[in-house]
Amino acid sequence: MDKFVIEGPTPLQGSIPISGSKNAALPLMAAALLGDSPTTITNIPKLRDIYTFNNVIRVTGCKVDFDEEDGILTIDPKHLSHLEAPYELVRKMRASFYMLGALLGKFGKAKVSLPGGCAWGPRPVDLHLDGMREMGADITLDQGYVIAEAPEQMEGGTFTLEPSSVGATVNLVLASVLRAKEFTIKNAAREPDVVLLCKKLVEMGANIEGIGTQTLTIRGVDTLEGIAIRNASDRIETGTFMIAAAMHPQSNVTLTNVDVDDLGGFPETFSKTGADMTINKDTIHIKAPETINPVSVKTEVYPGFPTDLQAQWSTMMTQANGKSSVTDTIYYDRFSYVPEVVRLGGDMDVEENTVHIEGKNQLKGASVMSTDLRASVSLVLAAMVAEGHSDVLRIYHLDRGYEDLEEKLTNVGANIKRVAQEK
Ligand code: EPZ
């Protein structure tokens, strides 16, 4: 089990290339199973979650080739025959649950393990299952597995997501594009990952109306063809590095390979910190402010403030000049990073689904424990501005969603090393 050893404080100076998006790639990989011919996806990051999903897809008999060097993934569904996603793999990565929509949509049959909970509490999939039932599928649960069956063509209907859900929208679109007469999703997610999936399914031959709105109407078609797709760049990685660049007063960073249009309302909120931000076609230049303005945020569905950036934002606010608060309305208890940032000297206090922060406190190096993907990167951001030596433990969480993190940070001046930790 590796750890990061970080010496701080260090300003970040130079340019950082943004990798392909994990959360945009996973739905596209599931959609490839719906085609009658191979699909090729470029700009795919070398991440543990991608490797896991490759294996989930291989279990079905699909041929999966991943050219890691060039980030090119080819999925050939010609020999897909085993309609199951096993617990051993699904428990490693929740989004494997997209196999339910893909297999049910293509073959009218699927056996997929329930994903189980995660580091910050129960993450139910009731909307996925209820939506498929509304569509006309027969859904039963047996020994931790979802058993799904559907006729050649399901009647369809209308299903309202409450709350709006990225995963449920993805799964219901995958299940309906080949198999539902007409199915309407109300309060559908509008995250860029969902929009990209729908656009690419239409290019494969699907019939989807209302893409990018909260109402999606899908009319089933007979067949879909494989296509070539460029995966989006990672908007959460982009936001993470924008925050990292603002946290040390001498930092001056340019982010490249950015999909600026996918950032929603984040740049506007970010500019309130006082950071100097210049956005061009696919690059963002950040010059840190002398002092960071305290800016309170409340997470929302897209294009609102993303819950996947709340830990990083709260950590930055420990370096702001004054009080602020961060409320998470998507996940009520996604604050496992707080006691760790407090160990580094941050002044933070959680009350229900809000963390109250008082800055600026000079952080001091310490050993801290990662608990999940976004919590762990916030500890790296804190350790890079903390005085002295920090150990960030259990960084396997980071490897799920940040490609070449220590290389990218070292290239812009951070003092960060990956060290294998004795068992
Ligand atoms: C996606 O998760 C992302 N994961 C998450 O990013 C992200 O935090 C989340 O969307 C919200 O933006 C991927 O894209 C792989 P949801 P997902 O269904 O689809 C409730 C990361 O760090 N809900 O939109 O699982 C749910 O509990 C990950 O990269 C139900 O109640 O999230 C939550 O409160 C972490 N019933 C809310 O909806 C359901 O059936 C939004 O969840 C489904 C969801």
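Residues numbered from 1 in each chain as written. Predicted model: local features only at pLDDT ≥ 70, side-chain atom pairs only at ≥ 80, totals over all residues. Heavy atoms only, no water.

**Things to note about the site of the ligand**
Near the ligand, the surroundings consist of 22 residues, among which D126, S165, V166, D308 and I330 are the closest. Between an oxygen atom of the ligand and a side-chain N or O atom of K22, the distance comes to 3.1 Å. Here R374 contributes a side-chain N or O atom positioned 2.8 Å from an oxygen atom of the ligand. Computed on the free molecule, the ligand has an accessible area of 830 Å², of which 86% lies beneath the protein chains in the complex. Residue assignment for the shell around the ligand shows that the elements contributing at least two residues are α1 (22-32), α5 (126-135), α6 (166-176) and α12 (373-385). A per-element tally of the shell around the ligand places α5 first, with three residues. Residues that form the shell around the ligand fall into these classes: ten nonpolar, six polar and six charged. The two domains that each donate at least three residues to the shell around the ligand are domain 1 (2-19 + 233-420) and domain 2 (22-220). (Near = heavy atom within 4 Å. Polar contact = N/O pair within 3.5 Å; in protein donor to acceptor, adjacent residues only side chain to side chain. Areas by Shrake-Rupley, 256 points an atom, 1.4 Å probe, with all protein chains shown as cover. Helix = DSSP H or I, 4+ residues; strand = E, 2+ residues; numbered from the N terminus. Nonpolar A, V, L, I, M, F, W, Y, C, P; charged D, E, K, R; others polar. Domains from an automatic or database assignment.)

**Some points on the sheet that holds strand β22 (residues 367-369)**
Pairing is mixed across the open sheet formed by four strands, whose spatial order is β22-β23-β1-β24. A single partner strand is all that each edge strand has here, and the edge strands are β22 and β24 (415-420). Averaged over all neighbouring strand pairs, the angle between strand axes comes to 25°, with direction disregarded. Contacting β1 (2-8), β22, β23 (388-393) and β24, α12 runs over the sheet at an angle of about 30° to β1. (Pairing = 2+ DSSP bridges. Axes fitted to C-alpha atoms, helices over the stretch in contact; angles between N-to-C directions. Contact = heavy atoms within 4.5 Å.)

**Focus: the UniProt feature "binding site: phosphoenolpyruvate" (unreviewed entry) in the protein**
Under the present numbering, the feature "binding site: phosphoenolpyruvate" (unreviewed entry) in UniProt falls on K22 and N23. Residue placement: K22 occurs in helix α1. With near-sequence residues (within four places) excluded, K22 lies in contact with P45, L47, D49, D234, L373, R374, R400 and G401. As for its placement among the helices and strands, N23 is situated in helix α1. Setting aside residues up to four positions removed in sequence, N23 forms contacts with D193, D308 and R374. (UniProt positions renumbered as here; feature names shortened; annotations may be inferred.)

**So, the pattern of salt bridges**
Per the counting criterion, the structure on display carries 23 salt bridges. Here K46 and D404 are joined by a salt bridge, their closest N and O atoms 3.7 Å apart. Here K46 is found in the loop between β3 (39-42) and α2 (48-59), whereas its partner D404 is found in the loop between β23 and α13 (405-411), with 358 residues between them in sequence. For K46, a relative accessible area of 31% translates into the label partly exposed. (Salt bridge = Lys/Arg side-chain N within 4 Å of Asp/Glu carboxyl O. Buried < 20%, exposed > 50% of the residue type's maximum accessible area, 1.4 Å probe, protein only.)

**Comments concerning the layout of surface pockets**
By volume, the second largest pocket amounts to about 310 Å³. Residue lining of the second largest pocket: 13 residues in total, with P192, L196, K199, D261 and D262 positioned closest to the centre. A total of four residues in the lining of the second largest pocket trace back to one element, the largest contributor, which is helix α7 (residues 192-204). Class assignment of the residues belonging to the lining of the second largest pocket gives a composition of five nonpolar, two polar and six charged. Composition of the lining of the second largest pocket by domain shows at least three residues from each of domain 1 (2-19 + 233-420) and domain 2 (22-220). (1 Å grid on protein atoms, 1.4 Å probe; cavity = no way out; pocket = protein on both sides within 12 Å on 5 of 7 lines; lining within 4 Å. Points joined across faces, edges and corners; volume = space filled by probe spheres on them.)

**Some details on the environment of E155**
Of note, E155 is situated in strand β10 (residues 154-160). C-alpha separation for the pair E155 and M135, spaced 20 residues apart in sequence, amounts to 6.5 Å. Residues in contact with E155, not counting those within four places in the same chain, are M135, K181 and E182. At 3.2 Å, the side chain of E155 and the side chain of K181 are in polar contact.

**Examining the UniProt feature "modified residue: 2-(S-cysteinyl)pyruvic acid O-phosphothioketal" (unreviewed entry) in the protein**
UniProt records the feature "modified residue: 2-(S-cysteinyl)pyruvic acid O-phosphothioketal" (unreviewed entry) at C118, using the numbering of this structure. In this structure, C118 sits in the loop between β7 (109-113) and α5. Looking at C118, the relative accessible area reads 24%, which means it is partly exposed.

**Observations concerning the packing of aromatic side chains**
For any two aromatic rings, the description comes down to two numbers: the centre-to-centre distance and the angle of the planes. Summed over the entire model, instances satisfying the criterion amount to six aromatic pairs. Judged by centre distance (5.3 Å) and plane angle (80°), the ring pair of F305 and W313 falls under edge-to-face. Like W313, F305 is buried. One residue, K111, lies across the ring of Y145, its end atom 4.9 Å from the ring centre. (Phe/Tyr/Trp six-rings, centres within 6.5 Å; stacked < 30°, edge-to-face > 60°. Lys NZ or Arg CZ within 6 Å of the ring centre and 35° of its normal.)

**Details of the environment of E152**
The topology assignment puts E152 in the loop between β9 (145-149) and β10. Residue classification places E152 among the exposed positions, given a relative accessible area of 69%. For the pair E152 and L178, spaced 26 residues apart in the sequence, the C-alpha separation amounts to 9.2 Å.

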